[in-house]
Amino acid sequence: MADKLEKLEDFREDLITCGHCMGCNVFNWWTLDKWVDCCPSGKKFGFISYFAVGRVELGRALLEEEIEPQDIEVLKKIAYACPTCGACILQCKEFKEMDNIAIIEALRAKMVELGYGPMPEHTKFAQAVDTVNNPYGEPHEKRFDWLPEGTNLDKDAEIGYFVGCTSAYREQELAKATVKLLNKANINFQLIGSDEYCCGSPLLRTGIRDKAIELAKHNVETIKKKGIKKVIFSCAGCYRTFKEDYPKIVGDLGFEVIHVTQFFEQMLKEGLLKLKKPINKIITYHDPCHMGRHIHLTKKKIGVFDAPRNLLKAIPGIELKEMVRIRENAWCCGAGGGVKAAFKDLALTTAIDRIEEALSTGAEILVSACPFCRRNLMDAINAKNASIDFKDIVELLEESID
Amino acid sequence: MPDKAIYEQIYQKLQSIVGPERVSNDGPVLIAYERDQHWPFVTPTRPAIVVQPKSTEEVQQIVKIANEHKIPIVPLSRGVNVRGLCVPAKKGSIVIDLRLMNRILEINTEMMTATVEPGVTHGQLQIAAREKGCRICIPGAPATGSILANYLLRGVYHTNAGDGIDHALSAEFVLPNGELLKVGSAAFPNSDPYWRYTCSPDFLGLFQSMPGSMGICTKMTVKLYPLPEHEVWFMLGYDKIEDAIAIIPPLMNAQIPSVLWVLPQYTLIKLIAKKTKELEKLRGTFPEWTIPITIEGPKEIVEAKVKVAMDIIRKTSPPKTPLKPVPPPTNFVKEFKYPRNILGFLRAGSYHALAFYGPLKKYPEYIRMMKENGEKAGYKREQVDLLASPYAQFWGQACYYEAEVPYTSAREESVEMVKKFHYATLKDLIKIGIYGWFRPFLNPMKLIIDDLGTYGKLWRDIMKLIDPNEIMNPGKVFPMEKELT
Ligand code: SF4
Ligand code: SF4
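Please read all numbers here as calculations on a predicted model, not as lab measurements. Along each chain, the written sequence defines residue order, and numbers are assigned to residues from 1. For naming, the first written chain is A and the first written ligand is 1, with later ones following in the order written. Where local features are concerned, this predicted model is filtered to residues with pLDDT of at least 70; where side-chain atom pairs are given and counted, the filter is 80 or more; whole-chain, interface and lining totals use all residues. Think of the side-chain values as coming from all heavy atoms in the structure, minus any hydrogens and water.

> Is there a simple way to explain the overall build of chain A in this structure?
Helix and strand definitions follow DSSP, with helices as H or I runs of at least four residues and strands as E runs of at least two, each counted in order from the N terminus. Within chain A, the regular secondary structure consists of 19 helices and 8 strands. Taking 2.2 N^0.38 as the reference for a compact globule, 402 residues should give roughly 21 Å; the C-alpha atoms of chain A span a radius of gyration of 20 Å, in line with that estimate. Structurally, chain A occupies a C-alpha span of about 60 × 45 × 40 Å along its principal axes. Counting over 402 residues, chain A shows a buried share of 64%. What sets the accessible areas is the Shrake-Rupley method with a 1.4 Å probe; for residues, cover comes only from the shown protein chains. Counting only carbon and sulfur atoms, one obtains 48% of the accessible surface of chain A, whose full area is about 14,700 Å². Neither His nor the chain ends contribute to the count of charged residues, in which Lys and Arg are positive and Asp and Glu negative. Just so you know, the charge point we use is NZ for Lys, CZ for Arg, CG for Asp and CD for Glu. Computed over 55 positive and 59 negative side-chain charges, the inter-centroid distance for chain A is 3 Å. For the radius of gyration, the atom set is restricted to C-alpha positions; the globular benchmark scales as 2.2 Å times the number of residues to the power 0.38. Buried, partly exposed and exposed residues are distinguished by accessible area as a fraction of the type maximum, computed with a 1.4 Å probe on protein chains only: under 20%, between the cut-offs, and over 50%, respectively.

> What is the right way to look at helix 5 (residues 72-80) of chain A in this model?
A turn of α-helix holds 3.6 residues, and therefore any two residues three or four places apart point the same way. Most of helix 5 of chain A sits inside the fold, with 7 of its 9 residues counted as buried. When we look at burial in helix 5 of chain A, the residues that qualify are A:Ile72, A:Val74, A:Leu75, A:Lys76, A:Ile78, A:Ala79 and A:Tyr80. Packed against the buried residues of helix 5 of chain A are helix 4 (52-63), helix 7 (100-114), helix 8 (120-132) and helix 16 (339-342) of chain A together with helix 2 (27-30) of chain B. A contact between two residues is defined here by any heavy atoms of the two lying within 4.5 Å.

> Please clarify how the pairing of strand 18 (residues 398-404) of chain B should be interpreted in this entry.
Successive side chains on a regular strand alternate, one facing one side of the sheet and the next facing the other. Residue and element names in this part refer to chain B. The buried fraction of strand 18 is high, at 7 of 7 residues. In strand 18, alternate side chains face the same way, and those of Ala398, Tyr400, Glu402 and Glu404 on one face and Cys399, Tyr401 and Ala403 on the other are all buried. A pair of strands is labelled paired if DSSP reports no fewer than 2 bridges between them. Two elements, strand 16 (residues 354-359) and strand 18, share 6 bridges in a ladder whose sense is antiparallel. In the sheet register, Leu354 faces strand 18, and the bridge partner there is Ala403.

> Explain the domain arrangement of chain A to me, please; I cannot follow it from the model alone.
Residue and element names in this part refer to chain A. Throughout the structure description, domain borders are defined by an automatic or database domain assignment. Segmenting chain A into domains produces domain 1 (8-117), domain 2 (130-269) and domain 3 (282-400). Distance between the C-alpha centres of domain 1 and domain 2: 30 Å. Counting residues at the interface gives 8 residues for domain 1 and 7 residues for domain 2. When two parts are brought into contact, each loses some accessible area as probed by a 1.4 Å sphere; the total of that loss over both is the buried area. Summed over both partners, the interface of domain 1 with domain 2 comes to about 570 Å²; 46% of that surface belongs to carbon and sulfur atoms. Salt bridge, as applied in this entry: a Lys or Arg side-chain nitrogen positioned within 4 Å of an Asp or Glu carboxyl oxygen. At the junction of domain 1 and domain 2, the tally comes to 2 salt bridges. Salt-bridge contacts for Glu105 lead to Arg205; the nearest nitrogen and oxygen are separated by 2.7 Å.

> Can you help me understand the sheet that holds strand 8 (residues 168-174) of chain B in this one?
The pairing of strands in a sheet happens through backbone hydrogen bonds and is either parallel or antiparallel. All names here are of chain B. Overall, antiparallel pairing links the 5 strands, which are arranged 5-6-10-8-9 in an open sheet. Each edge of the sheet is formed by a strand with only one pairing partner; in this case those strands are strand 5 (104-108) and strand 9 (180-183). Looking at each pair of strands side by side, their axes are set apart by 10° on average, direction ignored. In terms of strand pairing, strand 6 (residues 113-116) meets strand 10 (residues 216-223) through 4 bridges, oriented antiparallel. Counterpart to Val116 in the pairing with strand 10 is Met220. Axis definition: a line fitted to C-alpha atoms, limited for helices to the stretch in contact. Angles are taken between N-to-C directions and run from 0 to 180 degrees.

> Even after reading the chapter, I still don't get the sheet that holds strand 3 (residues 230-233) of chain A, so can you show me in this structure?
Residue and element names in this part refer to chain A. Across the sheet, which stays open at both edges, the 4 strands sit in the order 2-1-3-4 with parallel pairing between neighbours. At either margin of the open sheet sits one strand with a lone partner, and together these are strand 2 (190-191) and strand 4 (256-259). As paired elements, strand 3 and strand 4 share 4 bridges and run parallel to each other. Looking at strand 4, one finds that Lys230 is bridged to Glu256. Across the face of the sheet, helix 10 (residues 172-184) comes into contact with strand 1 (159-162), strand 2 and strand 3 while running at roughly 165° to strand 1.

> Sorry, what's going on with the domain arrangement of chain B here?
A common measure of how large an interface is: the accessible area buried when the components associate. All names here are of chain B. For chain B, the assigned domains are domain 1 (104-226), domain 2 (228-341) and domain 3 (350-438). The C-alpha-based centres of domain 1 and domain 2 are spaced at 28 Å. The interface is formed by 16 residues belonging to domain 1 together with 10 residues belonging to domain 2. Surface buried jointly by domain 1 and domain 2 totals about 1,100 Å² across both partners, of which 55% is contributed by carbon and sulfur atoms. By the criterion of area lost to domain 2, the three top residues of domain 1 are Arg130, Arg135 and His158, representing 44% of everything that side buries. The partner of Glu296 in a salt bridge is Arg135, and the shortest N-O contact between them spans 2.6 Å. Polar contact is defined as a pair of N or O atoms within 3.5 Å, subject to the rule that within protein one atom must be able to donate a hydrogen and the other to accept it, and that residues adjacent in sequence are counted only when both atoms are side-chain atoms. Counting every contact that joins domain 1 to domain 2 gives 4 residue pairs in polar contact (both at pLDDT 80 or more). Per-element accounting of the side of domain 1 that touches domain 2 gives the leading share, 3 residues, to helix 4 (residues 122-131). For the side of domain 1 that touches domain 2, the per-class residue count stands at 10 nonpolar, 4 polar and 2 charged. Residue classes follow a fixed rule: Ala, Val, Leu, Ile, Met, Phe, Trp, Tyr, Cys and Pro count as nonpolar, while Asp, Glu, Lys and Arg count as charged, and any other residue, Gly among them, counts as polar.

> Got a minute to help me understand the pairing of strand 5 (residues 282-285) of chain A in this structure?
Residues and elements named next belong to chain A. Bridge analysis of strand 5 against strand 6 (residues 319-320) gives 2 bridges, and the strand direction is parallel. Paired with Ile282 across the bridge in strand 6 is Glu319. With its strands directed away from the observer, a crossover is right-handed exactly when the path from the first strand over the helix to the second travels clockwise. Handedness of the crossover joining strand 5 and strand 6 through helix 15 (residues 306-314) is recorded here as right-handed.

> Can you walk me through the interface of chain B and chain A in this structure?
The interface of chain B with chain A comprises 53 residues on the first partner and 42 residues on the second. Counting across the chain B and chain A interface gives 5 salt bridges. Of the charged contacts in the structure, one is a salt bridge between B:Glu34 and A:Arg60, with a shortest N-O distance of 3.3 Å. In this structure, the connection of chain B to chain A is made through 19 residue pairs in polar contact (both at pLDDT 80 or more). Sorting the residues of the side of chain B that touches chain A by element identifies strand 1 (23-24), helix 2, helix 4 and helix 12 (330-335) of chain B as the ones contributing at least two each. Looking at which element gives the most residues to the side of chain B that touches chain A, the answer is helix 4 of chain B, with 5 residues. Partitioned by chemical class, the residues of the side of chain B that touches chain A number 17 nonpolar, 17 polar and 19 charged.

> Explain the side chain of A:Gln190 here, please?
All names here are of chain A. Relative to the elements of secondary structure, Gln190 occurs in strand 2. A polar side-chain atom of Gln190 sits 3.3 Å from the main-chain carbonyl oxygen of Lys155. When neighbours within four sequence positions are excluded, Gln190 is seen to be in contact with Leu153, Asp154, Lys155, Asp156, Ala157, Ile159, Gly160, Tyr161, Lys226 and Ile228.

> Just checking my understanding: could you explain the site of ligand 2 for this structure?
Whether a residue is near a molecule or strand depends on its heavy atoms: if one lies within 4 Å, it is near. Around ligand 2 lies a shell of 13 residues, among which A:Cys39, A:Arg55, A:Cys82, A:Cys85 and A:Cys88 are the nearest. Elements represented by at least two residues in the shell around ligand 2 include exactly helix 3 (40-45) and helix 4 of chain A.

> Help me understand the pattern of salt bridges, please; the structure alone is not making it clear to me.
A side chain with one charge may pair with a side chain of the opposite charge, provided their charged atoms come close. With the rule as written, the count across this model stands at 60 salt bridges over all chains. Taking the shortest distance from any N to any O, the salt bridge between B:Asp428 and B:Lys431 comes out at 3.2 Å. Note that B:Asp428 and B:Lys431 are positioned in helix 14 (residues 412-432) at a spacing of 3 residues, about one turn of the helix. When salt bridges with common partners are traced through the structure, they connect A:Glu57, A:Arg60, A:Glu64, A:Glu66, B:Glu34 and B:Arg46 into a single cluster.

This is the structure in structure tokens:
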């Protein structure tokens, strides 16, 4: 079956008719009643070219063969210095019905096809995925080294936990907390196990599609073979990839894809989750782009925004103080789209911006639901020596569960 | 055009003024500046350099260098423009992108003024002003546009507030030789910038309606208005344009409405529809013409005005919809506070920007002509629309008009159709008689250049006097020689 990932050519009309309205520069002023920047890349680099409108124009120029050989280095910088956070779709999708995330990803795929992309750092992680099934270049056999002794696993369970590379190798606290939480909540589950490979998100976001397609097929096959009917994700990036990209690659997955916050919110609603131990802290919540603007829950509704908030509100003692830029108007952590690998400064300044916003709420803990956001936001906390802690929502649930 | 070596020198100098990060001559950076959505009418031209100053002093230094080398410069305040006004007409131009000069320097509730830099958007200033209990005069344009540029070029407004078309009080301009010109009371010794008229001719007016063609405006003090204590809305529906507009002169002459628009059915649908596929589906569900009216101010005054308004409407031309105040669609109210739905004009493809000033009484004649031209160009009659907004205070029945036909720049046949309609309509508008084009965009300016007589000559002479090297956004107000075809 041929994949249905969009090609740059599919967007020809959009690319030509971009209205230069600059709606992609700012969050929805009707919802926020505030005038706030939305585009990390545009904010950092300044020129119109670094906002979605500039990338759209580059896409057009590429299709219309206006790119000269001497342009390629700067073309790469503009195309890739963007965390594909999708904040630029807010106005564009509503009024122009243009999906800037898909356009930017298609632009990158086209650049890879033409031999212009990706960035060298992306080639490096793609090679690592090719050899050891994870972008960090860590040995595949160490993927589950973090697994706490005594974890209850049920190899026949219909629920599976897809750990993801970042939690498996870099943010292992999250993986540990997730299995502990599942155990404490008496959920029968199994791991995908030694055949869990990178979900392919870093490759898809940077236009390296062939290998990502292989990974999608492999992971789906593995999960099906294990008889898993529902897969839980604690990584927003893996969740987005399974939920939005995999169906375009393999069609119907044959199993349900659910973020850990959705799973536990459902339990909470059914009265099966008892959060009793108080956590007396002021917290604020950062919406990961990959489970927010990137997710189509239904035809009309986007984003897993309520589930994490409902869970946080259910933890006794917690006071949730929201930042200005939240939900579909959330400022990105700055790590995605291959930016953390290739544009470290952009990743860091974007995260520092978010930390400053979190601090302005008076929160003691910044909470999120993605190990990759965690990594980048933690780097910013450390760089700024900011007096705020970071926790994944799973860690708080695990702490509070009865 | 100077040679490559000169450009290299200029590039180095610009780097030393603004720093290496804020100047670029890289093709992929410049591509975003070479066109706007009006590109089928204004040929895309890639600038040689784009530079982003952060202060007036930096702008002065940049302009001086350009002038020295006779290199055209194109100022761009936010980049939201639809008529190619910030697209270079000449190869080798320098675009001065002012988006980083985006500070609101002051909001003065005592003087009811705000002082802003060019990169400040309508939305940004409106939200800041509302936080202080006042508001700006809202342009009928996306809130992402520059408020300074809008007031300089003059716009069409949602809150006429009895003040007509001008909302700028004083300003400063960087002239082509790099000198700084202050106009309005800002120029008077030991004075504040809160008043437009001193003892001189209106210098600010001289620079208005000019897209940076005599100088670059780097600061402007603008009027603020009180937030209305009370608002009442009417949405009046009519089948015939003659019936719809009959109510306007008595209402405007009595100075009753704050907002009054004449919206053809399809325009209203574009402002309301949530999806492109709804556009055609909704046709037929609204009256042919809708007139939204807002009356606002202190409660007692509003109530009195509402009574008078209803009386006038009843006597002159009762609508087919009930004549009573309505709760307007929420989106409509928000739209008139900080416009966003106007982006829906891009929904079905591209935005065709043909706008002009003319008297209200010619509305039926304009629309008849346009529908005929539309048919000749291949449109159905119902696809040709003309919306209007009368300007307070309404002398000469002055209205803003905007012609609309569906089109997408992505398809050649569509571009051909719109061009056919566009050029025929421009010519016929001159024959019927209008007050002027809404902003000096190139195509219509070509048509009148020979007929402007002494006025046109003096206009050009003044431009030449101020900008002898013709470096300031050339080819925008008046076409360059080669374009006179
Ligand atoms: S919001 Fe969409 S149409 Fe408007 S400038 Fe940005 S990319 Fe273009
Ligand atoms: S995806 Fe995010 S960073 Fe990239 S252009 Fe859109 S808003 Fe800017």
